[in-house]
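# Coordinate inspection notes
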Amino acid sequence: MTTEIQGVKLDEAERSTPVLPRDISTDELVFNMGPQHPSTHGVLRVVMRTDGEVVLGCQPLIGNLHRCCEKILENLTYVQGLPYVDRMDYLAALNMEIGLVLAVERAAEIEVPKRAQYLRVIMCELNRVISHLFSAGQFGLDMGAFTPFLYMFREREEGISVINEVTGGRLLYHYIRYGGVTRDVSKDWLGKVLKFCDRVESHMDEYNNLLTYNHIFLKRSAGVALIDRETCLRFGVTGPVLRGAGVKRDVRKDMPYSSYEDFDFDLVTAPCDEGVVGDAWNRHRVRLLEILESIRIIRQAVEKLPDTEIAHKKVTRGWKAPPGEAYVASEAPRGEISCYFVSDGGKFPYRARMRGPSFYNISVITQTCRGLLIGDMIALLGSVDITLGEVDR
Amino acid sequence: MSWGATLSEALPDAVEEVVAEGTHHFVRVKAESIVEAAGVLRDKCGAQMLHQVSGMDFEDRMEVVYHFTAIEPGTEFMCLKVTIGRDNPEVPTLSHEWEAANWGERETWDLLGIRFSGHPHLYRILLPEDWEGHPLRKDYEYPTEYHGIDCTE
């Protein structure tokens, strides 16, 4: 049966098994959360069906930020189109750029010089660190911990300044280009990167003491909002949510791109020193541990940075990709971004289908919400960590 | 590309083409056999996750492209393509076996107008319910106004 409220059709057909025992269930109430609710991290509207405090079902209504990025890419030349993908996940713009660039390079068979590959790795990992700092802090904020959010923003701000120095942007960079990167880096800057890494690492205990192992935070997140392995795989969930459910999957390890095979790092899965595998706490913990792994990668990349050119082939105005297609995935902070790129040999891409990891990650809440308390819905949304710009593209 | 051979062995009538060269490997199957083909990938080739559903408009035909993936080191994407006519395009849904197809197919319907028969909830997902047309079609005409909002430049 499809219910309809305010013109919104709710899909409850196959999920109509009862959540509460019949003798304690009361009247059902359907109400609306968002699109301006602070914990929805953007403009997300969730229509929930509840019985008292218990959520029976929900339907996320997305599309408020939709600008049809794919159509924009089809109507611009290669060089013009690239800055638009930055706007998908504005908290990890470099990871979005590399998603598109890798697919085009694979289809056009462009070789990228080693130094450019390493610079991409440094930049993407820096972006992952600042994005995870934001996500972890934001999750703490959702759970009622205001201070750790400010502490993490302090380090994030420094990370942004480090990237800003080379790319010229604070959030949206347009740094990675087809065939390489735009600007080379100096020895001085590499020193700043290492200093930033040391600083984040030295503050990690502080974050853990303040937030991760905080008693209230543990009560709110450990064992709450379970997403198990099977559910993750069925819904196409990737990234820290999937690894938080104990699945060993990381595109950087499984299908290495941009020289990730040169670096020694561990794949973080749910550590489970508190809570259970697949709960909100483990997803948060995976993010913090991934920051440390990213720092490990950055240090190795800075140390081994080869001395070659930074852009092999200048893809300039009027460049045309030869006819062909490719599908390449890469690991963004929120999951696997991939692009199915098809070229017909013209000066515009024929089709660039972007996979937004958050799009699939958020679809899982339609199932996981069942039986949660309304307050735990916030833990679910916060720990899945979506960026609406990328859900809606 | 061992999965292509497995697929054409298991479903010789359904497989139309196996492309194992170039930068993108795929198997083209008949639209009505997409559910069985995906089942073979899951049971015999280790596909565990539907990674992406993409729609394509080639002006004379339409395509739906599915990418599957296994969860293991050194894996490659397994790609199935189906080709359908441009007037009244319709493909059986995968959403009963692969929950990820639920939203992926809704998006494909929304932006390209490809119907998925048997889909439990095939409504627009990104665009408003009263939007006219499907923007990613190559012959899409841009609206001039929406509810009194001027959309021309």
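Keep in mind it's a predicted model, so treat the numbers as computed, not measured. (Residues numbered from 1 in each chain as written. Chains lettered and ligands numbered in written order. Predicted model: local features only at pLDDT ≥ 70, side-chain atom pairs only at ≥ 80, totals over all residues. Heavy atoms only, no water.)

Now for the nonpolar core. In this structure, A:Leu100, A:Ile122, A:Tyr175, A:Trp189, B:Tyr66, B:Phe68 and B:Leu80 are the most contacted members of the largest nonpolar core, which totals 175 residues. With 13 residues, helix α4 (residues 114-142) of chain A is the single largest residue contributor to this core. (Core = buried A, V, L, I, M, F, W, Y, C linked by side-chain atoms within 4.5 Å. Buried < 20%, exposed > 50% of the residue type's maximum accessible area, 1.4 Å probe, protein only. Helix = DSSP H or I, 4+ residues; strand = E, 2+ residues; numbered from the N terminus.)

In this section: the pattern of salt bridges. Residue and element names in this part refer to chain A. Summed over all chains, the structure comprises 44 salt bridges over all chains. In this structure, Glu-290 and Arg-243 form a salt bridge, with 2.6 Å as the shortest nitrogen-oxygen distance. Of this pair, Glu-290 sits in helix α11 (residues 280-304) while Arg-243 sits in helix α9 (residues 240-244); the two residues are 47 residues apart in sequence, bridging distant segments of the chain. Among the charged side chains, a salt-bridge network with shared partners connects Glu-125, Arg-128, Arg-243, Asp-250, Arg-252, Glu-290 and Glu-331. (Salt bridge = Lys/Arg side-chain N within 4 Å of Asp/Glu carboxyl O.)

Contacts between the two partners involve 53 residues from chain A and, on the opposite side, 49 residues from chain B. When chain A packs against chain B, close to 4,200 Å² is buried across both sides, 56% of that on carbon and sulfur atoms. When the buried area of chain A at its contact with chain B is split by residue, A:Lys71, A:Tyr327 and A:Tyr350 rank highest and sum to 16% of it. With a closest N to O distance of 3.2 Å, A:Arg353 and B:Glu107 form a salt bridge. Summed over the shared surface of chain A and chain B, the result is 24 residue pairs in polar contact (both at pLDDT 80 or more). (Contact = heavy atoms within 4.5 Å. Buried area = accessible area lost by both parts, 1.4 Å probe. Polar contact = N/O pair within 3.5 Å; in protein donor to acceptor, adjacent residues only side chain to side chain.)

This part covers the confidence of the model for chain B. On average, chain B scores 88 in pLDDT, and the residues at 70 or more come to 99%. Complex prediction metrics read pTM 0.88 and ipTM 0.89. (pLDDT = per-residue confidence, 0-100.)

Next up on the list: the packing of aromatic side chains. With the rule as written, the count across this model stands at 21 aromatic pairs over all chains. Residues A:Tyr257 and A:Tyr260 carry aromatic rings whose centres are separated by 5.1 Å and whose planes lie at 65° to one another, so their mutual orientation is edge-to-face. Judged by relative accessible area, A:Tyr257 falls into the buried class, the value being 7%. On the basis of relative accessible area, A:Tyr260 is assigned to the buried category, the value being 2%. In this arrangement the basic side chain of A:Arg393 is found over the ring face of A:Phe359, its NZ or CZ atom lying 5.0 Å from the centre. Over the face of the ring belonging to B:Phe58 we find B:Arg61, whose NZ or CZ atom lies 4.3 Å from the ring centre. (Phe/Tyr/Trp six-rings, centres within 6.5 Å; stacked < 30°, edge-to-face > 60°. Lys NZ or Arg CZ within 6 Å of the ring centre and 35° of its normal.)

Rolled over the atoms, a probe as big as a water molecule pinpoints where empty space is left. Approximately 650 Å³ is the volume attributed to the largest pocket. Looking at the largest pocket, it is lined by 27 residues, and the ones nearest its centre are A:Leu102, A:Arg106, A:Pro256, A:Tyr257 and A:Val328. Of the residues that constitute the lining of the largest pocket, the class distribution is 11 nonpolar, nine polar and seven charged. Quantified by volume, the second largest pocket comes out at close to 490 Å³. Every residue lining the second largest pocket is counted, 16 residues in all, and those nearest its centre are B:Trp131, B:Tyr140, B:Tyr142, B:Pro143 and B:Cys151. (1 Å grid on protein atoms, 1.4 Å probe; cavity = no way out; pocket = protein on both sides within 12 Å on 5 of 7 lines; lining within 4 Å. Points joined across faces, edges and corners; volume = space filled by probe spheres on them. Nonpolar A, V, L, I, M, F, W, Y, C, P; charged D, E, K, R; others polar.)

For the rest of this paragraph, the subject is the sheet that holds strand β3 (residues 49-57) of chain B. Residues and elements named next belong to chain B. Overall, mixed pairing links the five strands, which are arranged β1-β2-β5-β4-β3 in an open sheet. Strand pairing shows two members of the sheet lacking a second neighbour, β1 (15-19) and β3, which therefore form its edges. Averaged over all neighbouring strand pairs, the angle between strand axes comes to 20°, with direction disregarded. Where β1 lies against strand β2 (residues 26-29), four bridges are found, and the strand directions are antiparallel. From the neighbouring strand, Val-19 faces β2, where its bridge partner is Phe-26. The sheet strands contacting helix α1 (residues 2-10) are β1, β2 and β5 (78-84), and the helix crosses β2 at an angle near 20°. Its contacts with the sheet place helix α2 (residues 34-44) against β2, β4 (62-69) and β5, and it is angled at close to 175° to β5. (Pairing = 2+ DSSP bridges. Axes fitted to C-alpha atoms, helices over the stretch in contact; angles between N-to-C directions.)

Glycine aside, negative phi is the norm for most residues, and most peptide bonds take the trans geometry. Residues and elements named next belong to chain A. Phi angles above zero are rare outside glycine, and His-174 is one such case at about 50°. Even without being a glycine, Ser-259 presents a positive backbone phi close to 65°. For Ser-259, the location among the structural elements is in the loop between α10 (251-254) and α11.

The next point concerns the environment of B:Phe26. With respect to the element layout, B:Phe26 can be found in strand β2. With a relative accessible area of 7%, B:Phe26 lands in the buried category. In sequence terms B:Phe26 and B:Met78 are 52 residues apart; their C-alpha atoms lie 6.8 Å from each other. Contacts of B:Phe26, omitting those with residues within four sequence positions, involve A:Glu325, B:Met1, B:Trp3, B:Glu17, B:Val18, B:Val19, B:Cys79 and B:Lys81.

For the rest of this paragraph, the subject is helix α6 (residues 187-212) of chain A. Residue and element names in this part refer to chain A. Over its 26 residues, α6 runs 35 Å from end to end, which matches the ideal 38 Å to within 8%, given 1.5 Å per residue. Its axis deflected by about 35° at His-203, α6 carries its strongest bend there. Of all the positions in α6, only Trp-189, Leu-190, Val-193, Phe-196, Cys-197, Val-200, His-203, Met-204, Tyr-207, Asn-208, Leu-211 and Thr-212 are classed as buried. Looking at the buried side of α6, the elements it contacts are α4, α5 (146-167), α7 (215-221) and α11. (Expected span 1.5 Å × (residues − 1). Bend = angle between axes of the 7 residues up to and from the residue.)

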